[in-house]
Amino acid sequence: MSHALQDQRPARAPKSAAPAGLTRGGLPRWAPAGIAALSIVLGCGIGVLADLHSKIQWGLIGAILFLVITYTASAVIENRRQAKDRIATSIVWVSFVLAVIPLLSLIWTTVSRGIKALDGDFLSHSMNGVTSFEQGGGVYHALLGTIEQVALATAIAAPIGLLTAVYLVEYGRGSLARAVTFFVDVMTGIPSIVAGLFILTTWNLALGFGPSGFAGSMALSILMMPVVVRSTEEMLKLVPNELREAALALGVPKWRMILKVVLPTAIGGIATGVMLAVARIAGETAPIMLLVFGTQLINGNPFEGAQSSLPLYIWEQYKVGSDASYDRAWAAALVLIAFVMILNLVARGIARWKAPKTGR
């Protein structure tokens, strides 16, 4: 009987073979690098044969060839599904390279041209007694002015921006919070010349104060505040609500919870946002021209008298048009880039030092 039942069971169908398109061979690991090298060679060759003088055109031809060859090779050797995946990855890499090349070109040009005039005398002397067409002179007065103006702007904008972000995330509800958010968005797009005109109208013309580094700092702080608010707001939103609830469950007041739990947790992102805002204002020239005026002398008092700044110094020297002034302009641009980079390194160090320690 059991043998009869076993004979009546339907036989299992044989396992169907996988589609041929999913079992074909794949490109070797070195294929992307090889295709990239081949595309570069072909792009340069086509550029030479077509008598294209711009290296940018050569690069664009090479990028297009890289995408075409990658898709064709993957579709023939692998399958169309894998080819679509590779073409998407290739587009990401090509976009990355196209974004990095101008940055590297900018850094290379600034360093190669700015290093000619950059030395100890350039950093420790001003332009006092040196005409713009002569060799010599320095950037000390502009560097001092930039440091003081950026420091004052940060001292004004960072606390206000931080407290505004704390209000929007922790307390903001209703129409007031929506109004604050709206005006922060509006301030993000304000041109720097508008901020300078606002301070010129209120501080200089209405109240009667003269040009000073502090006036420029107030205009720079207007440009800096919305960046600080937006970046700090996003960092505070990333703090897990469980940390807030745990602190409040222990009976900790809300202000103390914000001070001891929320802000230390987000301090890394907050410091980075502040440095981004500093980088945003460090290169502004229009408010400085309106409110600080510029000078060739060293003025260490930002609250009285005209000052200079690195962006204004670069514009003044480049405007002259002599070889010596061009060298000083590029050297000052290199100093400005180094100034922003040092600030970013300091901010990262402070953020790492103040970040909450995590256990194993």
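Residues numbered from 1 in each chain as written. Predicted model: local features only at pLDDT ≥ 70, side-chain atom pairs only at ≥ 80, totals over all residues. Heavy atoms only, no water.

Draft legend 1. Main features of the UniProt feature "transmembrane region" (unreviewed entry) in the chain. UniProt's feature table lists "transmembrane region" (unreviewed entry) at residues 30-50, 56-77, 89-108, 150-169, 176-200, 206-229, 261-282 and 329-351, given in the numbering used throughout. Along residues 30-50 one finds 90% helix and 0% strand; the C-alpha atoms at either end are 30 Å apart. Helix makes up 100% of residues 56-77 and strand 0%. Its end C-alpha atoms lie 31 Å apart. (UniProt positions renumbered as here; feature names shortened; annotations may be inferred. Helix = DSSP H or I, 4+ residues; strand = E, 2+ residues; numbered from the N terminus.)

Draft legend 2. Structural view of the pattern of salt bridges. Scanning all chains against the criterion turns up six salt bridges. Residues Glu78 and Arg86 are paired through a salt bridge, measuring 3.0 Å at the closest nitrogen-oxygen approach. Each member of the pair, Glu78 together with Arg86, is buried. Bridged by salt links that share partners, the residues Asp185, Arg230, Glu233 and Lys237 form one connected network. (Salt bridge = Lys/Arg side-chain N within 4 Å of Asp/Glu carboxyl O. Buried < 20%, exposed > 50% of the residue type's maximum accessible area, 1.4 Å probe, protein only.)

Draft legend 3. Quick look at the domain arrangement of the chain. In terms of domain boundaries, the chain breaks down into domain 1 (31-113) and domain 2 (140-358). Centre-to-centre separation of domain 1 and domain 2, based on C-alpha positions: 38 Å. If you look at the interface, domain 1 gives four residues, while domain 2 gives four residues. Summing both partners gives a buried area of about 490 Å² for domain 1 against domain 2, and 72% of it is carried by carbon and sulfur. Of the residues in the side of domain 1 that touches domain 2, the class split is one nonpolar, two polar and one charged. (Domains from an automatic or database assignment. Contact = heavy atoms within 4.5 Å. Buried area = accessible area lost by both parts, 1.4 Å probe. Nonpolar A, V, L, I, M, F, W, Y, C, P; charged D, E, K, R; others polar.)

Draft legend 4. How the structure looks around the packing of aromatic side chains. This model, assessed by the stated rule, comprises six aromatic pairs. A ring pair is formed by Phe182 and Phe183, whose centres lie 5.5 Å apart and whose planes are at 70°; its orientation type is edge-to-face. An identical accessibility class is assigned to Phe182 and Phe183; each is exposed. Ring-pair connections join several aromatic residues into one group, and the members of that group are Trp203, Phe209, Phe214 and Phe303. When the ring centre of Tyr171 is taken as reference, the NZ or CZ atom of Lys254 above it lies at 4.6 Å. (Phe/Tyr/Trp six-rings, centres within 6.5 Å; stacked < 30°, edge-to-face > 60°. Lys NZ or Arg CZ within 6 Å of the ring centre and 35° of its normal.)

Draft legend 5. Representation of a nonpolar patch on the surface in the model. Where nonpolar side chains cluster on the molecular surface, the patch consists of Trp93, Phe96, Val97 and Ile101 and spans about 430 Å² of accessible area. Here Val97 shows up in helix α4 (residues 80-114). Classification of Val97 by relative accessible area gives partly exposed; the value is 40%. (Patch = residues over 30% accessible without salt bridge, like charges linked within 9 Å, V, L, I, M, F, W, Y side chains within 5 Å. Areas by Shrake-Rupley, 256 points an atom, 1.4 Å probe, with all protein chains shown as cover.)

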